[in-house]
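Spelled out, the chains give:
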Amino acid sequence: MNQHEDFLPYNLPDISEAEIDAVVDVLRSGWLAPGPRVKAFEADFASYAGTKHAIALDSATAGMHLALLASGIGPGDEVITTPTTFAATVNTIIHTGATPVLADICPDDYCIDPAAAERAITPRTRAIMPMHHGGSACRMDEILALARKHGLRVIEDAAHALGTQIGGRNIGSFGDATVFSFYPTKNVTSGRGGMLTTDDDALAERCRLLALHGMSNDAWDRYTARGSWSYQVLAAGYNYTMTDFQAALGHTQFSRLDAFQRQRTHLARRMSERLGALPEIVLPAERTGATHAWHLYVVRIRPGMLTISRDEIIVAMKERGIGTSVHFIPIHHHPYYRETYGWAPGDFPVADEAFEAMLSLPLYTRMTDAEADRVAAAVEEIVHGHRT
Ligand SMILES: Cc1ncc(COP(=O)(O)O)c(C=O)c1O
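Attention here is on the structure that accompanies the text. (Residues numbered from 1 in each chain as written. Predicted model: local features only at pLDDT ≥ 70, side-chain atom pairs only at ≥ 80, totals over all residues. Heavy atoms only, no water.)

## Points about the site of the ligand
In step 1: Close contacts around the ligand come from 17 residues, with A60, T61, D157, H160 and S181 the closest.
In step 2: The separation between an oxygen atom of the ligand and a polar side-chain atom of T61 is 2.5 Å.
In step 3: Between S181 and the ligand, the recorded distance is 2.7 Å, taken from a side-chain N or O atom to an oxygen atom.
In step 4: Look at the ligand: alone it shows 390 Å² of surface, and the protein chains cover 92% of it.
In step 5: Broken down by secondary-structure element, the contributors of at least two residues to the shell around the ligand are α3 (60–70) and α4 (87–95).
In step 6: Of the residues assigned to the shell around the ligand, the class counts are eight nonpolar, seven polar and two charged. (Near = heavy atom within 4 Å. Polar contact = N/O pair within 3.5 Å; in protein donor to acceptor, adjacent residues only side chain to side chain. Areas by Shrake-Rupley, 256 points an atom, 1.4 Å probe, with all protein chains shown as cover. Helix = DSSP H or I, 4+ residues; strand = E, 2+ residues; numbered from the N terminus. Nonpolar A, V, L, I, M, F, W, Y, C, P; charged D, E, K, R; others polar.)

What follows is the structure, given as structure tokens:
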């Protein structure tokens, strides 16, 4: 058997003919810049999120940066976030000139621990940025209560959380602003892209302005028959808008969200049924009252029960033709942040311990039942062969 042909990657996008047709239609239309497809995607997304505004952008990174800026956050301010996240969450705080402050995570779902966040609050704290790890909902009740008590903004990094619900409500309207990612690995992709949702009119208006160079009118208004050539620059903005062909891809993908989520949930449950029989493996947590978006399927190895490390398991899975990943190398382990903020491994013990033992197994909508079974069988085989 050819090992490469048989390789089961850790992640694959799910692009149908409908997405290809939608993108080709935009290419043929002659209008590639932000235009009618972006507006249609935003309208449908706002109704999904239950918010007044949805702003399509070219990444979640752009969305977080704008949400922070539009909240007036800058030099001298502190923003609390999680160490178990992607660099972008922290980088966007740094880009505003503010100081990132880390608070440890909960051991069950790898999301920020509200009690640790509260301990990290100082007179300079202006906002909290929770991140819904892998699609598992953060403890938003507690985070929102904390924010109210201390007068803080809540900007959610929902890059993983398209499909997550809390109390039957889609993620998108809990915090002051919520930011989703449509990067190719995400539950819905636009190639590259993001969406910012909010009910705050002033925040939305400022984000729209800053997303297009600080210009008073968008290109659609300027270059169409109903538009005017004139504009004014009202701020030193950015080039963060989504284009119409990204929107055509993202919007068509978004129309398949329910089917995507059913398949992700089905595959996750199928793997959990088998892996749940292994006492050495901690399954992904599903919190009561919330749904999991199953962006990631993260298991953890129980300490002291196997003679093989997490890193060796990654190699053993690869030898069996299965790709895996780790989400994430904690922020305080990376050279830049260590040098700049004086952090070191060991500073956030729950995040450190989770990092040593966590493993993201393949989970994507194109995976078949047989492939999910193959992943579970490989884990079983490795565990059986390495019991202490
Ligand atoms: C937790 C988290 N936040 C933010 C991002 C950045 O998203 P984008 O690539 O859309 O900027 C990612 C990954 O891409 C992520 O995993």
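## A closer look at the pattern of salt bridges
In step 1: Under the definition given, this model contains 20 salt bridges.
In step 2: A salt bridge links R287 to D109; the shortest N-O distance between them is 3.4 Å. Of this pair, R287 sits in the loop between β10 (281–282) and β11 (290–291) while D109 sits in the loop between β3 (99–102) and α5 (114–119), placing them 178 residues apart in sequence.
In step 3: Here R320 and E381 are joined by a salt bridge, their closest N and O atoms 2.5 Å apart. With R320 in the loop between α11 (310–319) and α12 (335–341) and E381 in helix α14 (residues 369–385), the pair connects residues that are 61 residues apart, well separated along the chain.
In step 4: Linked through salt bridges whose partners overlap, the residues forming this network are D108, D109, R139 and R287. (Salt bridge = Lys/Arg side-chain N within 4 Å of Asp/Glu carboxyl O.)

## Focus: helix α10 (residues 257–275)
In step 1: Compared with an ideal rise of 1.5 Å per residue, which puts 19 residues at 27 Å, α10 spans 26 Å between its outermost C-alpha atoms and is within 8% of the ideal.
In step 2: Buried residues of α10: L257, F260, Q261, R264, L267, A268, M271, S272 and L275, and no others. Buried residues of α10 fall within an arc of 135° about the axis and therefore sit on the same side. Along α10, the residues that are exposed and aim more than 90 degrees away from the buried face are D258, R262 and E273.
In step 3: In this structure, the buried side of α10 is in contact with α2 (36–49), α9 (244–254), β10, β12 (297–301), β13 (358–361) and α14. (Expected span 1.5 Å × (residues − 1). Buried < 20%, exposed > 50% of the residue type's maximum accessible area, 1.4 Å probe, protein only. Arc of directions from axis to C-beta. Contact = heavy atoms within 4.5 Å.)

## A closer look at the packing of α3 against helix α7 (residues 201–211)
In step 1: Two numbers describe how α3 lies on α7: the axes approach to 9 Å, and their chain directions differ by 125°. Taken together, the axes of α3 and α7 are oblique relative to one another. Helix-helix and strand crossings are classified by hand; for α3 and α7 the assignment is right-handed. Each of L66, A67, L69 and A70 in α3 lies in contact with α7, whose residues at this interface are L203, R206, C207, L210 and A211.
In step 2: Each residue belonging to the contact of α3 with α7 can be placed in one class, and the counts come to eight nonpolar, no polar and one charged. (Axes fitted to C-alpha atoms, helices over the stretch in contact; angles between N-to-C directions. Parallel < 35°, antiparallel > 145°, perpendicular 65-115°, else oblique. Left-handed = near helix turned anticlockwise from the far one by under 90°.)

## Some remarks on the sheet that holds strand β6 (residues 165–166)
In step 1: Taken in spatial order, the three strands of this open sheet run β7-β6-β11, and their pairing is antiparallel. In this open sheet, the two strands that pair with only one neighbour each are β7 (169–170) and β11.
In step 2: The sheet contact formed by β6 and β11 spans two bridges and is antiparallel. Looking across to β11, one finds that I166 is bridged to A290. (Pairing = 2+ DSSP bridges.)

## Topic: the nonpolar core
In step 1: Ranked by size, the top nonpolar core spans 43 residues in total, and within it F45, L162 and F182 carry the most contacts.
In step 2: Within the residue set of this core, elements represented by two or more residues are α2, β1 (53–57), α5, α6 (140–150), α9 and α10.
In step 3: Ranked by residue count, the leading element in this core is α2, at six residues.
In step 4: Of the residues that make up this core, three or more belong to each of domain 1 (17–254) and domain 2 (257–385).
In step 5: Non-local contacts of L162, meaning those with residues more than four positions away in its chain, are made with F45, Y48, F180, F182, N187, V188, F254, L257, Q261 and A293.
In step 6: Among the nonpolar cores identified, the runner-up in size contains 30 residues, and L267, A268, L275 and W294 belong to it. (Core = buried A, V, L, I, M, F, W, Y, C linked by side-chain atoms within 4.5 Å. Domains from an automatic or database assignment.)

## Brief notes about α11
In step 1: Along α11, the residues classified as buried are R310, I313, A316 and M317. Projection of α11 onto a plane perpendicular to its axis shows the buried side chains occupying an angular sector of 110°, all on one side. Among the exposed residues of α11, those pointing more than 90 degrees away from its buried face are K318 and E319.
In step 2: Backbone geometry just after α11 places G321 at a positive phi near 75°.

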